[in-house]
Amino acid sequence: MAIRQIRLKGDEILTKKSKEVTVIDDKIKELASDMLETMYKNDGIGLAACQVGMLKRIIVYDYSYVEENSPKKPVVMINPVIKSRSKSMIVVEEGCLSFPDEFKEVKRHEKVTVEYMDLKGNKKVLHAKDIEAVVIQHETDHLDGIVFLDRE
Ligand SMILES: [Zn+2]
């Protein structure tokens with residue numbers, strides 16, 4: 001495992017669309033575990049692969065901080081696709097490891113249903129709400145070259 005360098009504001013990789021992962025090999029597994037380590041090291045809640053310079057549709061997150069003294073709950077999603085979104089919206093102040101000094105209130109769907117593969121290649125469906133839904137929307141946006149500052 002290794003800490004990877006985070007790409008910052010102005011790096012054009014943050015505006016590019018990432019490619020689907022076709023084979024979950026050791027390189028992808030290593031990338032995912034490095035992404036988690038990099039995220040934790042930088043006190044982040046989520047990270048997309050493009051933020052460490054890899055245009056692959058992989059996101060990681062852990063929102064367990066919302067409960068005090070909760071154990072870590074790392075999540076890795078390969079090729080996540082948001083399949084449905086609630087009509088109800090929530091506004092949360094967001095930040096991003098690629099924009100360390102910027103924060104913005106962003107309106108997001110309160111609930112989303114996301115399909116993805118885990119690191120074993122199993123297809124999964126997750127119904128997420130509140131902070132977890134916000135994190136998933138923020139991170140999947142990165143896979144399409146969209147950052148939170150682009151959102152209203
Ligand atoms: Zn971000």
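Refer to the structure above for everything that follows.
Each chain carries its own residue numbering, running from 1 in the direction its sequence is written. Only residues with pLDDT of at least 70 get local features here, since the model is predicted, and only at 80 or more are side-chain atom pairs given and counted; chain-wide, interface and lining totals rely on the full set of residues.

Turning next to helix H1 (residues 26-41). Taking 1.5 Å of rise per residue, the 16 residues of H1 would be expected to cover 22 Å, and the 22 Å separating its terminal C-alpha atoms lies within 8% of that figure. Those residues of H1 not exposed but buried are Leu31, Ala32, Met35, Leu36, Thr38 and Met39. Projected down its long axis, H1 shows its buried positions confined to an angular sector of 165 degrees, all on one face. In H1, the exposed positions angled more than 90 degrees off the buried face are occupied by Asp26, Lys27, Glu30 and Lys41. Looking at the buried side of H1, the elements it contacts are strand E1 (46-48), strand E2 (58-61) and strand E3 (75-85). Asp43 lies just past H1 and shows a positive phi near 55 degrees. In this text, helices come from DSSP runs of H or I with a minimum length of four residues, and strands from runs of E with a minimum of two, each type numbered from the N-terminal end. Take the residue count of a helix, subtract one, and multiply by 1.5 Å to get its expected span. Exposure classification rests on a simple neighbour count of other C-beta atoms within 10 Å of a residue's own: a residue reaching 20 or more is buried, one at 12 or fewer is exposed, and one in between is partly exposed. C-beta atoms are placed from the backbone. Taken from the helix axis, the directions to the C-beta atoms give the arc we talk about. What counts as a contact is two residues whose backbone-derived C-beta atoms lie within 7 Å of each other.

So, on to the environment of Leu31. With respect to the element layout, Leu31 can be found in helix H1. The spacing of Leu31 and Ile58 is 27 residues in sequence and 9.0 Å in space, taken between C-alpha atoms. Those residues in contact with Leu31 that lie beyond four places of it in its chain are Ala49, Met54 and Ile58.

On their own, these measurements won't tell you what the molecule is for.
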